[in-house]
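# Close look at the chain arrangement
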Amino acid sequence: MRTQAPLESVTIRAMNMMTLQDILYTQGFGTRRVCAGLVQQGFVAVAGVPCTDPAMEFVADGLRFSVQGVLWEYHEKAYLMLHKPAGYECSQKPSTYPSIYTLLPAPIRQRGGGAAAGVQAVGRLDQDTTGLLLLSDDGKFIHRMSSPKHHVPKVYEVTAKHAVDDKQIQKLLVGVVLDDDPKPVRAAACAQTSDLQLSLTLTEGKYHQVKRMIAAVGNRVEGLHRARIGALALPTDLKPGEWRWLTAQDLASISAKS
Ligand code: URA
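These figures come from a predicted structure and were not determined experimentally. (Residues numbered from 1 in each chain as written. Predicted model: local features only at pLDDT ≥ 70, side-chain atom pairs only at ≥ 80, totals over all residues. Heavy atoms only, no water.)

With that out of the way, let us pick up the domain arrangement of the protein. Split into domains, the protein comes out as domain 1 (7-73), domain 2 (79-148 + 232-255) and domain 3 (153-229). The centre of domain 1, based on its C-alpha atoms, is set 25 Å off from the matching centre of domain 2. The interface is formed by five residues belonging to domain 1 together with six residues belonging to domain 2. When the two sides are added together, the surface that domain 1 and domain 2 hide from each other amounts to roughly 480 Å², 58% of it contributed by carbon and sulfur. The three residues of domain 1 that bury the most area against domain 2 are Q27, G28 and W72, which together make up 76% of that side's buried surface. Applying the counting criterion to the domain 1 and domain 2 interface returns zero salt bridges. Here the residues of the side of domain 1 that touches domain 2 sort into two nonpolar, three polar and no charged. (Domains from an automatic or database assignment. Contact = heavy atoms within 4.5 Å. Buried area = accessible area lost by both parts, 1.4 Å probe. Salt bridge = Lys/Arg side-chain N within 4 Å of Asp/Glu carboxyl O. Nonpolar A, V, L, I, M, F, W, Y, C, P; charged D, E, K, R; others polar.)

With that out of the way, let us pick up the site of the ligand. Within the structure, the ligand sits among L125, D126, T129, Y156, H208, Q209, V210, K211 and L224. Side-chain polar atom of T129 to an oxygen atom of the ligand: 2.8 Å apart, as the coordinates give it. Across the complex, the protein chains shield 95% of the 240 Å² of accessible surface that the ligand would expose by itself. Tallying contributions element by element places helix α7 (residues 209-216) first for the shell around the ligand, with three residues. A class-by-class count of the residues in the shell around the ligand yields four nonpolar, three polar and two charged. (Near = heavy atom within 4 Å. Polar contact = N/O pair within 3.5 Å; in protein donor to acceptor, adjacent residues only side chain to side chain. Areas by Shrake-Rupley, 256 points an atom, 1.4 Å probe, with all protein chains shown as cover. Helix = DSSP H or I, 4+ residues; strand = E, 2+ residues; numbered from the N terminus.)

One finds L24, F65, L135, V158, L198, L200 and V210 to be the most contacted residues of the largest nonpolar core, which totals 53 residues. Excluding its chain neighbours within four sequence positions, the residues that come into contact with V158 are L196, Q197, L198, L200, V210, I214, V221, G223 and L224. Of all hydrophobic cores here, the second largest spans 15 residues; its members include L132, M145, L232 and L234. (Core = buried A, V, L, I, M, F, W, Y, C linked by side-chain atoms within 4.5 Å. Buried < 20%, exposed > 50% of the residue type's maximum accessible area, 1.4 Å probe, protein only.)

What follows deals with unusual backbone geometry. Among all residues except glycine, the phi angle is most often negative; among peptide bonds, the trans geometry is most common. For A47, which is not a glycine, the phi torsion comes out positive at approximately 50°. The phi dihedral of H151 falls on the positive side, at around 50°, and the residue is not glycine. Within the secondary structure layout, H151 lies in the loop between α5 (139-146) and β10 (154-160). Judged by relative accessible area, H151 falls into the partly exposed class, the value being 44%.

On to the packing of aromatic side chains, then. This structure, assessed with the given rule, holds four aromatic pairs. Ring geometry for F29 versus F65: centroids 6.1 Å apart, planes at 70°, classification edge-to-face. Of this pair, F29 sits in the loop between α2 (20-26) and α3 (32-40) while F65 is found in strand β5 (residues 64-67), placing the two residues 36 residues apart along the sequence. For the residue pair F29 and F65, the accessibility class agrees, reading buried in each case. Taking 5.8 Å as the distance between ring centres and 75° as the angle between the ring planes, the aromatic pair formed by W243 and W245 counts as edge-to-face. Directly above the ring of Y25 sits R32, whose terminal nitrogen or CZ lies 4.1 Å from the centroid. (Phe/Tyr/Trp six-rings, centres within 6.5 Å; stacked < 30°, edge-to-face > 60°. Lys NZ or Arg CZ within 6 Å of the ring centre and 35° of its normal.)

Moving on, we get to the pairing of strand β6 (residues 70-73). Regular strands show a simple pattern: their side chains alternate between the two faces of the sheet. As paired strands, β5 and β6 are joined by four bridges and run antiparallel to one another. Bridge pairing in β6 places S66 opposite L71. Counted between consecutive antiparallel strands, the loop separating β5 from β6 contains two residues, among which Q68 sits at a positive phi close to 50°. (Pairing = 2+ DSSP bridges.)

Time to look at helix α6 (residues 166-174). If you check which residues of α6 are buried, you get Q168, I169 and L172. End-on view of α6: buried residues confined to an arc of 100°, all on one side of the axis. Of the exposed residues in α6, the ones pointing more than 90 degrees away from its buried face are D166, K167 and V174. Sitting at the head of α6, D165 places a side-chain oxygen 3.1 Å from the backbone nitrogen of K167. Directly beyond the C-terminal end of α6, a positive phi value near 130° is found at G175. (Arc of directions from axis to C-beta.)

Our next topic: the environment of T236. Looking at the secondary structure, you find T236 in the loop between β16 (232-233) and β17 (243-245). Considered as a pair, T236 and D166 are 70 residues apart in the sequence and their alpha carbons are 30 Å apart.

What follows deals with the sheet that holds β5. Pairing is antiparallel in the open sheet, where four strands are placed in the order β3-β2-β5-β6. The sheet is open, and its two edges are formed by β3 (49-50) and β6, each paired on a single side.

The subject of this paragraph is the pattern of salt bridges. Counted by the stated rule, this structure contains nine salt bridges. A salt bridge links K211 to D126, with the nearest nitrogen and oxygen atoms 2.9 Å apart. Remark: D126 occurs in the loop between β8 (120-121) and β9 (130-136) and K211 occurs in helix α7; sequence separation between them is 85 residues. By relative accessible area, which is 18% here, D126 ends up buried. Close ionic contact of R244 with D250 constitutes a salt bridge, the shortest N to O distance being 3.1 Å. According to the relative accessible area criterion, R244 is partly exposed, its value standing at 30%.

Structure representation (C-alpha cells):
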C-alpha cells in the first residue's frame, strides 16, 4: 500500500527550509565549517536579529540576512547584470587586463565553491567594449542565452571612425561575408543615430562580430557599447563597474522581443 507523506513535510520541502550554515554555504561564504564559524562568532543576523546557531532552520527563498553588517538575500540561482566598463576582460584568467569577476563581491564569485560551475558571463564582450553583460550560475540559462538557435537580439551602439552612410547601413542589413565563414551575416536592425554613430542589432554572437562587420563595410569601430539584450536595457542608474541582481521582470524581458 502506498503511504502518503505527511502534509507538514510536503509543505516544509516546498518552502525550502535550510540551516543557516547551509544557506551561507550555498551563497558562497566559504566551506560549511567556515560558515558555521561565522554564525557561531556572531557575525550573522537574520532579519536584523543575530543568530549564533548554525543549525537553526529558515525558509531560504527570499531570506534577508547580514554577514558582518553587509546585507544579502538568498538566491537559489544567481542571475546578475553588470555594467561592464572598458579595460576589463570577460575571462576568469585574463591575459592583460583585470577580470570582470573582480568587480563582483567575493561570495558571488565563490558560489559553487569558486569552481568552473560558479557564476559565469553569458557570452563575452571585448576588453574595450562597455555595457550590459549578464552573469549566472544556471547552466541551462547560460546555454539558452548563448545558443544561436534562440536568436536573442542584442543591441550595440557603435561609434565609427569615419562617417557612416546609407550604403554601409544597407550592406549591414543585406549581409556581409566575414573572413572565416562564406555564409553572410546580417544585422537584424541597423539605424544611423549621428554622423559617426549607429545602432546595430544582432541575433548571433560570433567572435568580434560587430567590429568585423563594420570593417567589412569599409569603416572601423572606435567605440562599442551594448545597450540592450532582448527587451532588457542597461539601466541608466547602473554605473560602469556596478552590478545588480536581475528581477523576475528583467528575466522575462530578456526573452521578450524588444
Ligand atoms: N562584437 C564585437 O566586435 N565586440 C564585442 O565586444 C561584442 C560584439
